[in-house]
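This is what each chain is made of:
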Amino acid sequence: MGSSDSEEESISSVSSDSEEEECDTIQIKRVKVEPGEAEEWAERDQPQTLVEFAKVSGPTIELSSTATVSKYAELLFDDSFFKLLATHTNINHKLQSASYKTASKSPVFEDVTVNDMKKFLGLLLLMGQIKKSHWREYWTTDALIETPIFPQTMTRNRFEQILRFFHIADDTQSMDGANKELWIVKPLMDHFIPKFQSIYAPKQQLSMNEAIVPSTGNLRFRKHNPAKTTRLRKTID
């Protein structure tokens, strides 16, 4: 009996020690630190103080019931947006002209205006609705397949010029740091993020959606997951 009692005591002591070790392991979690500080491990979570949510969520701008679709679109795509694209397109043309010779028979390039950029993007959206084998066919004069709205809006040569030099960012400038791969779309981010924040107040509970975009380009943030149908892809949050 004495030996069995000692065995039970030793077993219970071992189990209690293992339980304590397991509990200690579970309770060890990463503590939130401020930017720039070194991350440390602690055995207990730090208490979090949540600020009471008192904001009113929903749209912050009200339009009349008779407002057209274009009025709603102008909340995000105003003249400053089209001016941004036109400015960087003109800058890219100057950079390209300094590096490459222009053929003598090529049409003279005129600076892209806000109105030109509106027409250009409008035609691009319309191309998504009207399918053709090549973009030049949108300006064909063949009565069987012609689409008069395209030549009426912009000449083919002018569309080709803007398409060739279309740019979003200034190639003479770049970003440093962790987000330097996204510098080419930073002007769009700087335009849209304040717009989103000014026209809509989000609710307290938010969820992050992650979209997968197929990509085979040379991107540093491209991911490879053989378990997914789209193996080579970009992840957009």
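(A) Representation of the overall build of the chain within the structure. The helix and strand tally for the chain stands at seven helices and seven strands. Reading the chain from its N terminus to its C terminus gives the helix and strand order α-β-β-β-α-α-α-α-α-α-β-β-β-β. Taken across its 237 residues, the chain has 19% of its residues classed as buried. Approximately 18,700 Å² of the chain is accessible, and the part contributed by carbon and sulfur atoms is 54%.

(B) Geometry of the pattern of salt bridges. A full pass over the atoms with the stated rule returns five salt bridges. As a salt-bridge pair, Arg 158 and Asp 116 come within 3.0 Å of each other at their nearest N and O atoms. Note that Arg 158 is positioned in helix H6 (residues 156–165) and Asp 116 in helix H4 (residues 114–129), a separation of 42 residues in sequence. Each member of the pair, Arg 158 together with Asp 116, is buried.

(C) Layout of the nonpolar core. Phe 81, Met 117, Phe 120, Leu 121, Trp 139 and Phe 159 are the most contacted members of the largest nonpolar core, which totals 23 residues. Of all elements in the fold, only helix H3 (79–99), H4, H6 and helix H7 (186–199) reach the threshold of two or more residues within this core. Apart from the residues lying within four places of it in its own chain, the contact partners of Trp 139 are Leu 123, Met 127, Phe 150, Pro 151, Met 154, Thr 155, Arg 156 and Phe 159.

(D) The arrangement of H7 in detail. Between its first and last C-alpha atoms H7 spans 20 Å; for 14 residues at 1.5 Å apiece the expected length is 20 Å, and the two agree. Residues Pro 187, Leu 188, His 191, Phe 192, Lys 195 and Ile 199 constitute the buried set of H7. The buried residues of H7 all sit within an arc of 105 degrees when viewed along its axis, so they share a single face. At its buried positions, H7 is contacted by strand S3 (58–59), H3 and strand S4 (200–201).

(E) Fine view of the layout of surface pockets. What the largest pocket holds in volume is close to 290 Å³. Around the largest pocket, the lining residues are Val 69, Ser 70, Ala 73, Glu 74, Phe 77, Phe 81, Phe 82, Lys 118, Leu 121, Gly 122 and Leu 125. When contributions to the lining of the largest pocket are tallied by element, the ones reaching two or more residues are helix H2 (69–73), H3 and H4. Residue composition of the lining of the largest pocket, grouped by class: seven nonpolar, two polar and two charged. Contributing to the lining of the second largest pocket are 15 residues, with Ser 106, Pro 107, Gln 161, Arg 164 and Phe 165 lying nearest its centre. Put simply, the parts of the chain that give the lining of the second largest pocket at least two residues each are H3 and H6. The dominant element in the lining of the second largest pocket, judged by the number of residues it contributes, is H6, at five residues.

Definitions and limits used
- Residues numbered from 1 in each chain as written.
- Predicted model: local features only at pLDDT ≥ 70, side-chain atom pairs only at ≥ 80, totals over all residues.
- Heavy atoms only, no water.
- Helix = DSSP H or I, 4+ residues; strand = E, 2+ residues; numbered from the N terminus.
- Buried < 20%, exposed > 50% of the residue type's maximum accessible area, 1.4 Å probe, protein only.
- Areas by Shrake-Rupley, 256 points an atom, 1.4 Å probe, with all protein chains shown as cover.
- Salt bridge = Lys/Arg side-chain N within 4 Å of Asp/Glu carboxyl O.
- Core = buried A, V, L, I, M, F, W, Y, C linked by side-chain atoms within 4.5 Å.
- Contact = heavy atoms within 4.5 Å.
- Expected span 1.5 Å × (residues − 1).
- Arc of directions from axis to C-beta.
- 1 Å grid on protein atoms, 1.4 Å probe; cavity = no way out; pocket = protein on both sides within 12 Å on 5 of 7 lines; lining within 4 Å.
- Points joined across faces, edges and corners; volume = space filled by probe spheres on them.
- Nonpolar A, V, L, I, M, F, W, Y, C, P; charged D, E, K, R; others polar.

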